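Each chain, written out:
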Amino acid sequence: MRSSAWYVANCALILCTLRLIDWANGLRLCSETDYYYEYTECDSTGSRWRVAIPQSPGACTGLPEPVHGTECTFSCKAGEFLEMSAQECTQCAAGSYSLGSGIRFDQWDSMPVGFSSLATSLENSPNGDDRPTCNSSSWLPQGNYLESNRDECTVSLIYAVHLKKKGSVSFEYQYPDNNLLFEFFIQNDQCQEMDQSADTKWLKLTNNGEWATHTVNLKSGTNILYWRTRGVLMGSKGLKPVLLKNVQIEGVAYTSECFPCKPGTFSRFKQVVGSDNNMLFIIVSLFFYVSSLGSTCDPFHSKQTGSAMCKDRPPCSRKDYFQIHTKCDHEGKTQVIYKWIEPKICLEGVTGAESLPPSGEREPCPPCNPGFYNNDTATCSPCPPGTYSDGMKPCTWCPAGTEPSLGYEFKWWNILPPNMKTSCFNVGNNKCDNMNGWEVAGDHIQSGAGSSDNDYLILNIHIPGFKLPTSMSSHSATEFGRITFEFETVCVADCELYFMMDVNRKSTTVVESWEKTKTRQTYTHVMTKNASVSYTWAFQRTNQPSDREIGHTVRRYVNDVVRIYSISVSNAVDGVSSGCRACALSTQPSSSACVPCPPGHYIDTRTSQCTECPPNTYLIPHTTPGPDACKPCGPASKCDKDHSFCYSDCHFTYAEGNATLTYDFSLLGSVGSLMNGPSFTSKGTKYFHHFNISLCGGKLAECTDNVTDLSITDSQRENGEGANAVKTFICQSTIIPATGRGFHTALASQSINLADTLLGVTVESTLDGVRARPELYPQTSKKVPDVNFYYRSLEATSSCESGRSAVVTLRCNPEKNTKGELSVPSQCPAGTCDGCTFHFLWESSGACPTCTERDYHQIEGACKGDQQDLLYVWTEPKLCIGGVNLPEKETLPCEGMEFWVRLGAGLGTFTAVLLVILICYFWKKSKRLEYKYSRLVMSANKECEMPGADSCAVMEGENEGDMEDEIVYTKPSLLGKLKAIASKVRVTAPLYFYSKKVSLW
């Protein structure tokens, strides 16, 4: 109080001095227009003073004296302002409004005073090349709302406010894209972030076109408000911006004036029971323009709702009306009628104007949809429980051994089904005025006209849950139901169709989307858990802001349309039955009730009994009963005990010629991970592709987003709610590192399923239509063949109508450890070259076959000290792992070697003795022959001539036994020749000896 008195005393002294000076200078006295009032800063006691501040200092004299002001926490009610002269609350005049102790920002033709947009530069490319910066990224005013950036830059919208008491801030927003982070936080004047819970900092996603309201309490003092968007990653379809409007702050000290209503609106008081008067401003209806002068538009001019000026009404054209089908009347007839698009801004009856076409001929209504029947009324009614109908015949009871097939099948569109809703959401406001989002058209349902080209046209169907067939109720199902729809889009602009789902009314996520014109096609989505779900189709003709200045160009794309021909949902718990399906009956003869089959059993249509699938087969869910429901597993794969899926047990055998290679991949681990990159967007954002691969063992890989996880509580996280998790054989996430983006942790987003079925394991390059591409990898000279794991996902996407597939190639590399190293082809850094088939190379020593006796050999050591070592070594290069162990070194005596030496010496001695004996024998025999020959010669010399030969043959009467010798024919041998030379006898002809008569010639 002392400080306040001192301050007032000083002010009074200064004023007195100024007056004396003014009187001396002859200045005029100040009037009320020459000054305005302000309050001083509050002191420690919560008091303040009202002082007069001149508009032009020194222009006049006689300013009012400072007086004691209101309390610092004082404020007027809504619809009032503090009149500073009397320091009393006064009602706002017509055409203006006040929030009392609050301020409101609802007009965004330009950035309001006090707001600023700040973009944060991204990290630089490692190569140092010049990339587009974020200088051009900012929040942009769009008339009724603010729009955030559409890229991956980090942009903050900042507003600072000083509160004299506790207050709050509230705003409305649209946040449809989870690839964009949107947070709201508060800092004090020391740039310290206020304590906030996760649910107030990280804003929750909204449905396309819907506005959500967010409110946060504020402390007294300076509060710096931040709305910050950060693009997680720039997808191929771009990012959808955050929209912000109606920012209202409560807790300011006072409002000294009322704010004028924006053009096209007026203010009024609204009495609320149990509360104070609140000043509201109401949007003016079409054709009326209210300003301070009270002017309105004439009949030949129009004004858009909330617009500030009147514009010429254009002639009506084809773009200003649309057609719809009427409901069936009591005669079962319908017809096409035409209606003007509301609000109608065009003129009829002027030159060049089109009139509304006449209604079409009355035609018979289409039949009821399956599961419904017509009970001679204009409407179709669902069949009673336990009965079925094809839509054209009366409902019939299902026969014994069958049960109704529950679900929905909509293929005729005369009226909107009772469990479907349609609506229209305008980007700038909320719901479109008097507009339905979709219109029935007989054999299809199509997007409606809407109120502008960037409206979201919404079609929704709610399914409270799913019910499996009785025969499968005991199975651990991976599919509880599926939704299938057939559609087409015809567009000239950048239209987009979104298919979304909201599980348990938590948050809506986009399942798939299609851009521009698409030919007629079918899409199926499988529901993998039993929960309440809402499926939504949202169609937007263009995402560009509508032109608000030229009225007749707002509807340039009214003819862009999406048509849905059929929608079917299986196993819906509240569904109707279009037919009956076989079920298993109890084994008791007296019972005809359907009973559940054990896991892995199918229904035998002949006996209506549960039959287990054959070994190594898996049961296909929701298929026709019979043995064909069990499908064999692929090569080198086996089914689980429930016959629900096939997997590899980490063992593989390959036979080539006489050799058999056996592999054990368990050393590689059940799940492998690969993070390739980095890659950079055009703005310089660094990101990685992270893959998780389930190779063998039956354990599935899992990828989880933590982007949407930022706004959920711990209890929700424990229950598995909120986070987008994918559990399958192969999945992929996009990782953005924390460095360079201001994140506290790395972000994982865009988790997708790449493969949910193992086709088989083989060394072949093709399996079931999926082809491996070994040419993408470096060639290897090793003789061990690569082993390929083939996978497939039947979940169709807009770019892969047959689903995705993947090939994991295992290559034996002894230089790698057992866990090995995963890589993708250098030509395809994202793992895929076409977006549908992914290729991975896993090099590891654990991918080598198990060792056998063929993989090592024996080395014999030298004999030392009567001892010899036998060593066993692996054949190089060693291309095996595990298996048999290398035998230990053996030490043997050298006796074994001496035995063979001695044996060889003995055999040599024996051979030499034998040769000597043979020589002696033949020498002795030669001597005998020589003796006989010499006697023969001597006998011939005595007779002087040789006797004539009587005969060369045996004479008659001679006996062979009387002969002394038999006839012998010889050729002179080398030994004989030597003997002849020694005896100087020359023999020039062969000799023939006879025992009795010898003839020599």
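Residues numbered from 1 in each chain as written. Predicted model: local features only at pLDDT ≥ 70, side-chain atom pairs only at ≥ 80, totals over all residues. Heavy atoms only, no water.

For clarity, the cut-off: UniProt positions are given in the numbering used here, feature names are shortened, and annotations may be inferred rather than shown by experiment.
Per an unreviewed UniProt entry, the protein goes by Endosome-lysosome associated apoptosis and autophagy regulator family member 2a and derives from Sander lucioperca. As recorded by UniProt, the Sequence similarities (unreviewed entry) comment attached to the protein reads in full: "Belongs to the ELAPOR family." UniProt's Subcellular location (unreviewed entry) comment on the protein is quoted here verbatim: "Cell membrane".

1. With respect to the overall build of the protein
Note the following rule: Only DSSP runs of H or I covering at least 4 residues are called helices, and only runs of E covering at least 2 are called strands; the numbering of each starts at the N terminus. In this scheme, a residue with accessible area under 20% of its type's maximum is buried, one over 50% is exposed, and one in between is partly exposed, where area comes from a 1.4 Å probe on protein chains only. Computed with the Shrake-Rupley method and a 1.4 Å probe, the accessible areas treat only the protein chains shown as cover for residues.
Tallying secondary structure elements over the protein gives 5 helices and 67 strands in all. The buried share of the protein, reckoned over its 1001 residues, is 43%. Accessible surface computed for the protein: about 53100 Å², of which carbon and sulfur atoms make up 53%.

2. Considering the pattern of salt bridges
The condition is simple: Just to be clear on terms, a salt bridge is a Lys or Arg side-chain nitrogen sitting within 4 Å of an Asp or Glu carboxyl oxygen.
Counting across every chain of the model gives 18 salt bridges. For Arg150, the salt bridge goes to Glu147, with nearest N and O atoms at 3.4 Å. Assessed through its relative accessible area of 24%, Arg150 is described here as partly exposed. A relative accessible area of 7% means that Glu147 is categorised as buried. Bridged by salt links that share partners, the residues Glu183, Glu193, Lys201 and Arg230 form one connected network.

3. Digging into the environment of Cys696
Which entries qualify depends on this criterion: Note on contacts: a residue pair qualifies if any of its non-hydrogen atoms lie within 4.5 Å across the two residues.
Here Cys696 is to be found in the loop between strand E53 (686–694) and strand E54 (701–704). In sequence terms Cys696 and Ser648 are 48 residues apart; their C-alpha atoms lie 4.7 Å from each other. Every residue in contact with Cys696, bar those within four places of it in the chain, is listed here: Ser648, Asp649, Cys650, Phe665 and Ser670.

4. Things to note about the nonpolar core
To be explicit about the condition: The set of buried Ala, Val, Leu, Ile, Met, Phe, Trp, Tyr and Cys residues whose side-chain atoms join them within 4.5 Å is what this entry labels a nonpolar core.
In terms of nonpolar packing, the biggest core is built from 40 residues, with Trp438, Ile463, Phe485, Tyr535, Trp537 and Ile564 touching the most fellow members. Filtering out sequence-adjacent residues up to four positions away, Ile463 remains in contact with Tyr408, Ala531, Ser532, Val533, Tyr535, Val569 and Ala572.

5. A look at unusual backbone geometry
Look at the link from Glu876 to Pro877: it is a cis peptide, with omega at -10°. Notably, Ser608 is not glycine yet its phi reads approximately 55°, a positive angle. When you line up the elements, Ser608 lands in the loop between strand E44 (601–604) and strand E45 (609–612). Residue Ser608 is classed as buried on the basis of its relative accessible area of 17%. A positive phi angle, near 60°, is found at Ala636, a position not held by glycine. By secondary structure assignment, the location of Ala636 is in the loop between strand E47 (630–632) and strand E48 (638–639).

6. Let's talk about the packing of aromatic side chains
Worth spelling out the cut-off: For this analysis, a ring pair means two rings from Phe, Tyr or Trp (six-membered ring only for Trp) whose centres lie within 6.5 Å, classed as stacked if their planes differ by under 30 degrees, edge-to-face if by over 60, and tilted for the remaining angles.
Summed over the entire model, instances satisfying the criterion amount to 40 aromatic pairs. Geometrically, the ring pair formed by Trp108 and Phe115 is edge-to-face, given 5.6 Å between the ring centres and 80° between the ring planes. Classification of Phe115 as buried rests on a relative accessible area of 8%. Plain terms: the ring middles of Tyr175 and Phe182 are 5.7 Å apart, the flat faces sit at 75° to each other, and that makes the pair edge-to-face. Phe182 carries the same exposure label as Tyr175, and that label is buried.

7. Details of the state of the cysteines
One covalent bond between the sulfur atoms of two cysteine residues makes up a disulfide. Rule in force here: When the sulfur atoms of two cysteines come within 2.5 Å, that pair is taken as a disulfide.
Scanning the entire structure with this criterion turns up 19 disulfides. With no disulfide partner, Cys639 has as its closest neighbouring cysteine sulfur the one in Cys633, 5.0 Å distant.

8. Some details on the environment of Tyr790
Rule in force here: In protein, a polar contact means a hydrogen-donor-capable atom and an acceptor-capable atom, both N or O and within 3.5 Å, with residues adjacent in sequence counting only if both atoms are side-chain atoms; elsewhere, any N or O pair within 3.5 Å suffices.
Mapped onto the elements, Tyr790 comes out in strand E61 (residues 787–792). Classification of Tyr790 as buried rests on a relative accessible area of 0%. A distance of 3.1 Å separates a polar atom in the side chain of Tyr790 from the backbone oxygen of Ser765.

9. Some details on the sheet that holds E53
Note the cut-off: Here, strands pair whenever DSSP counts at least two bridges between them. What counts as an axis is a line fitted to C-alpha atoms, over the stretch in contact for a helix, and the angles between N-to-C directions run from 0 to 180 degrees.
Taken in spatial order, the 4 strands of this open sheet run E52-E53-E56-E57, and their pairing is antiparallel. At either end of the open sheet lies a strand with only one pairing partner, and these are strand E52 (671–680) and strand E57 (747–755). If you compare each strand with its neighbour and ignore which way they point, the axes differ by 20° on average. Taken together, the 6 bridges between strand E56 (residues 730–736) and E57 define a ladder with antiparallel strand orientation. Each bridged residue has a counterpart across the sheet, and for Cys731 the counterpart in E57 is Asn753.

10. Some remarks on the sheet that holds strand E15 (residues 221–231)
Strand order in the open sheet formed by 4 strands is E8-E11-E15-E13, and the pairing between neighbours is antiparallel. Looking at strand neighbours, the two that pair on one side only are strand E8 (115–120) and strand E13 (180–187), the edges of this open sheet. Looking at each pair of strands side by side, their axes are set apart by 20° on average, direction ignored. The pairing of E8 with strand E11 (residues 154–163) spans 6 bridges and is antiparallel. Within E11, the residue paired with Ala119 across the bridge is Val155.

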